Amino acid sequence: MSAAHIEVKGVSKVFGTSVVALQDINLEIPRGQFVCLLGPSGCGKSTLLNAIAGFSPPTRGSIVADGKQVAEPGPERGMVFQEYALFPWMTVADNVAFGLEIKGLPKAQIAATVEQLLKTLSLQDFRHRFPKDLSGGMRQRVAIARVLALDSPIMLMDEPFGALDALTRRDLQDELLRIWDEQKKTIIFVTHSIEEAIYLADRIVVMTYRPGTVKRDILVDLPRLRDPSAPEFNALKRELGQLVMEEQQRHHNDELRAAAVD
């Protein structure tokens, strides 16, 4: 038996007949680890996350999450999207309660869970608001609360803070780290931001431009909470910047060669 909470074994993903999005990805993620997937646009970060979520199964290879073969979405894997994915006709409280109601839990238990999560994410004063009346940061808090309500041991997050302003983004990063520290969930977090990856992650998996493979797998040995102005932080930022830039340059060179052929 493997001790890994998530195992990605020889995973490749081909779209159509020729677009190889992922090629031979192998990862073992221990329980409770915070992992960021980092790389340029087109490197397959979201494709890999969707495969782990069960939305788009791999063409080859296998994924095991929480001891189960991944073949479809499951309650052990909660997903937070960049687009918030809230029901616009439901209030904040109703959005958070939705998954619990689908599970058929007692009303008293649902009410207690919703109340606790509204408090955890500072949403108490917004319980009766609709998504259209909330800022982007507050909508994302609701989306996170809805996933937490299901108590999934694994959280998959696809650039959840990418559309937010810098101050709101840092506020939610700190909120997420606090929740992760308290609840010991396994998190896989997709980001384009090198600084965000260093600030959040135990481990950063840098992916190559298409076909997406693992270029580097780096453990982040920095104390929390992390100071982006610290020399160690910036040394790692330079190292990661160089790795990502190499892939962006490779993509640029491929485009130039393709244009020359045309």
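The structure under discussion appears in the preceding block.
What you see is a predicted model; the values in this text were computed from it and never measured.

Caption draft 1: Spotlight on the sheet that holds strand β2 (residues 19-30). One open sheet accounts for 4 strands, arranged β2-β1-β4-β5; its pairing is antiparallel. Looking along the sheet, the strands with just one partner apiece sit at the ends: β2 and β5 (68-69).

Caption draft 2: Examining the sheet that holds strand β3 (residues 34-38) more closely. The sheet built from 6 strands is open, its strands ordered β6-β7-β8-β3-β9-β10 with mixed pairing. Edge strands, defined here as strands with exactly one partner in the open sheet, are β6 (77-80) and β10 (214-219). Strand after strand, the sheet turns through a mean of 15° between neighbouring axes, direction not considered. Where strand β9 (residues 203-207) meets β10, 5 bridges bridge the pair, whose relative direction is antiparallel. What sits directly across from V206, in β10, is R216. Running at roughly 160° to strand β8 (residues 186-191), helix α5 (residues 166-183) makes contact with β3, β7 (154-158) and β8 of the sheet.

Caption draft 3: Structural detail: unusual backbone geometry. Residue P211 is bonded to the preceding R210 through a cis peptide linkage, with omega at 0°. By the element assignment, P211 lies in the loop between β9 and β10. In this model, R224 is joined to L225 through a cis peptide bond whose omega is -10°. Following the sequence through the fold, L225 ends up in the loop between β10 and α7 (231-261). Even without being a glycine, D66 presents a positive backbone phi close to 55°. You can see D66 is positioned in the loop between β4 (60-65) and β5. Taking relative accessible area as the criterion, D66 reaches 25% and is therefore assigned partly exposed. One non-glycine residue, D151, adopts positive backbone phi at about 55°.

Caption draft 4: View of the layout of surface pockets. By volume, the largest pocket amounts to about 410 Å³. Around the largest pocket, the lining is made up of 22 residues, and of these R77, G78, M79, V147 and L150 lie nearest the centre. When residues of the lining of the largest pocket are traced back to their parent elements, those giving at least two are β6, α2 (92-102) and α4 (136-149). A per-element tally of the lining of the largest pocket places β6 first, with 4 residues. Of the residues that constitute the lining of the largest pocket, the class distribution is 15 nonpolar, 4 polar and 3 charged.

Caption draft 5: A look at the side chain of Q140. Looking at the element boundaries, Q140 is found in helix α4. At 2.5 Å, the side chain of Q140 and the backbone oxygen of P160 are in polar contact. Discounting residues that sit within four places of it in the chain, Q140 has contacts with V80, F81, Q82, Y84, P160, F161 and L172.

Caption draft 6: How the structure looks around the pairing of β4. In this sheet, β4 lies alongside strand β1 (residues 4-15) in antiparallel orientation, the contact comprising 5 bridges. Bridge pairing in β4 links I6 to A65. By the bridge criterion, 2 bridges tie β4 to β5 in an arrangement that is antiparallel. Bridged to V64 within β5 is Q69. Here β4 hands over to β5 after 2 residues, with D66 in that stretch at a positive phi of 55°.

Caption draft 7: Region of the structure containing the side chain of Q173. Its place among the elements puts Q173 in helix α5. A polar atom in the side chain of Q173 sits 2.8 Å from the side chain of R170. Leave out the neighbours within four places in its chain, and Q173 touches F161, E196, Y199 and L200.

Caption draft 8: Structural view of the packing of aromatic side chains. Within the structure shown, the criterion is met by 6 aromatic pairs. Ring plane angle 75° and centroid distance 5.7 Å describe the contact between F34 and W180, whose orientation is recorded as edge-to-face. Of the two residues, F34 is situated in strand β3 and W180 in helix α5; the sequence distance between them amounts to 146 residues. Take F34: its relative accessible area is 0%, and that puts it in the buried class. When its relative accessible area of 12% is taken as the criterion, W180 is described as buried. The rings of F34, F161, W180 and F189 are connected pair by pair, giving a single aromatic cluster. If you follow R170 out to its NZ or CZ, it ends over the ring of Y199, 4.0 Å from the centre.

Calculation notes
- Residues numbered from 1 in each chain as written.
- Predicted model: local features only at pLDDT ≥ 70, side-chain atom pairs only at ≥ 80, totals over all residues.
- Heavy atoms only, no water.
- Pairing = 2+ DSSP bridges.
- Helix = DSSP H or I, 4+ residues; strand = E, 2+ residues; numbered from the N terminus.
- Axes fitted to C-alpha atoms, helices over the stretch in contact; angles between N-to-C directions.
- Contact = heavy atoms within 4.5 Å.
- Buried < 20%, exposed > 50% of the residue type's maximum accessible area, 1.4 Å probe, protein only.
- 1 Å grid on protein atoms, 1.4 Å probe; cavity = no way out; pocket = protein on both sides within 12 Å on 5 of 7 lines; lining within 4 Å.
- Points joined across faces, edges and corners; volume = space filled by probe spheres on them.
- Nonpolar A, V, L, I, M, F, W, Y, C, P; charged D, E, K, R; others polar.
- Polar contact = N/O pair within 3.5 Å; in protein donor to acceptor, adjacent residues only side chain to side chain.
- Phe/Tyr/Trp six-rings, centres within 6.5 Å; stacked < 30°, edge-to-face > 60°.
- Lys NZ or Arg CZ within 6 Å of the ring centre and 35° of its normal.

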